[in-house]
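Secondary and tertiary structure notes
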Amino acid sequence: LVLWSRLGGYDLDDLDRLLWRERSLFEYWTHGASIVRTADYQIHHLLMRRYPSNRNAYSRRVRAWLADNQALRRSILRRLRADGPLPGRALEDRSAVGWRSTGWTSGRNVERMLDVLWTQGRIMVAGRAGQQRLWDVAERWLPAWTPTERLTEREVVRRAAQRSLRALGVATARDVDGHFTQGRYPGLAAVLAGLERAGRVERVRVAADGVEWPGPWYVHAEDLPLLERLQAGEWRPRTTLLSPFDNLIIGRERTERLFGFRFRMEIYVPK
């Protein structure tokens, strides 16, 4: 849906080929459930190897629940290694302690364990049967060319910040932090300063009606030619009806700030 609203009609088989045959894309958690590049696996591996952390009450709760349900974890991995890819409904619930929540995941123990193993990078979405995800172990699913060298936290943030900035076009540090690997940019201010010294990003002024907006604002050095084209009048706008799940719309506060467009999706507001 997101791609169709951006690009218009395209061959769905091209997306299936990239996801399931070439495996140059894979499903993972970034700012939400997303499709990301396998070439960026090292960026996402930082979360994989640290999840769940002790950073907040929810993560600590997941850690405790995981410790209580090692039998369920082992049985899922054993079954997927032997028979995967499999849908979640094919896996037996061997939980010792049930998952409890006030939302839709309460009591769905196999599903919660799959989500934990997925976030840890132990398993991957290996296909879909309608809306049902098919799961397999990561070592079998990931292509042989997947970059797996472990990066330092600083290098992960350095790469992710540039991905975020290039997607946003022009952004503050807060915008960068809210995009791509949302909220996972430790030391971002120092990283942006280093990228600026290295000539990878540039500071720019953003002004409207003669009033300069507070910043600092950044643009990636590779996008400077786009600014020059704008100033030369070479760019012409087009109108597209975006999907509500488009990344431009997800950051609603930023969309309103930049474009004066206030967007709300009715299913995500109080009754």
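Structure first, text after, so check above.
Residues numbered from 1 in each chain as written. Predicted model: local features only at pLDDT ≥ 70, side-chain atom pairs only at ≥ 80, totals over all residues. Heavy atoms only, no water.

1. Details of unusual backbone geometry
Note the cis peptide between Tyr51 and Pro52, where omega equals -10°. Position of Pro52 among the secondary structure elements: in the loop between helix 3 (41-50) and helix 4 (57-68). Even without being a glycine, Phe180 presents a positive backbone phi close to 60°. Residue position: Phe180 is located in the loop between helix 9 (173-177) and helix 10 (188-197). Residue classification places Phe180 among the buried residues on the basis of a relative accessible area of 14%. Unlike most non-glycine residues, Asp209 shows phi in positive territory, near 55°. As for its position among the elements, Asp209 is in the loop between strand 7 (207-208) and strand 8 (211-212). (Helix = DSSP H or I, 4+ residues; strand = E, 2+ residues; numbered from the N terminus. Buried < 20%, exposed > 50% of the residue type's maximum accessible area, 1.4 Å probe, protein only.)

2. Quick look at the packing of aromatic side chains
In this description, a pair of aromatic rings is defined by centroid distance and the angle of the planes. Summed over the entire model, instances satisfying the criterion amount to nine aromatic pairs. Measuring from centroid to centroid gives 5.7 Å for Trp29 and Trp118, while their planes differ by 45°, and the two rings are tilted. Of the two residues, Trp29 sits in strand 1 (residues 25-29) while Trp118 sits in helix 6 (residues 109-119), which places them 89 residues apart along the sequence. Among the residues examined, Trp29 registers a relative accessible area of 31% and is labelled partly exposed. Aromatic side chains Trp213 and Trp217 sit 6.0 Å apart centroid to centroid with 50° between the ring planes, which places their arrangement in the tilted category. Accessibility expressed as a relative area gives 23% for Trp213, which makes it partly exposed. For Trp217, a relative accessible area of 2% translates into the label buried. (Phe/Tyr/Trp six-rings, centres within 6.5 Å; stacked < 30°, edge-to-face > 60°.)

3. Regarding the pattern of salt bridges
Here the structure, examined in full by the defined rule, presents 23 salt bridges. Put simply, Asp14 and Arg17 hold a salt bridge, and the shortest N to O gap is 3.5 Å. One end of the pair is Asp14 and the other is Arg17, both in helix 2 (residues 12-21) and three residues apart, which spans about a single turn. For Glu111, the salt bridge is made with Arg108, and the minimal N-O distance between the two is 2.7 Å. Classification of Glu111 by relative accessible area gives partly exposed; the value is 33%. Here Arg108 falls in the partly exposed class, since its relative accessible area comes to 39%. (Salt bridge = Lys/Arg side-chain N within 4 Å of Asp/Glu carboxyl O.)

4. Looking at the pairing of strand 1
Burial runs high along strand 1: four of the five residues are buried. Pairing between strand 1 and strand 2 (residues 33-37): five bridges, direction antiparallel. Counted as the bridge partner of Trp29 is Ala33 from strand 2. Between the antiparallel neighbours strand 1 and strand 2 lie three residues. (Pairing = 2+ DSSP bridges.)

Read these as spatial facts, not as claims about activity.
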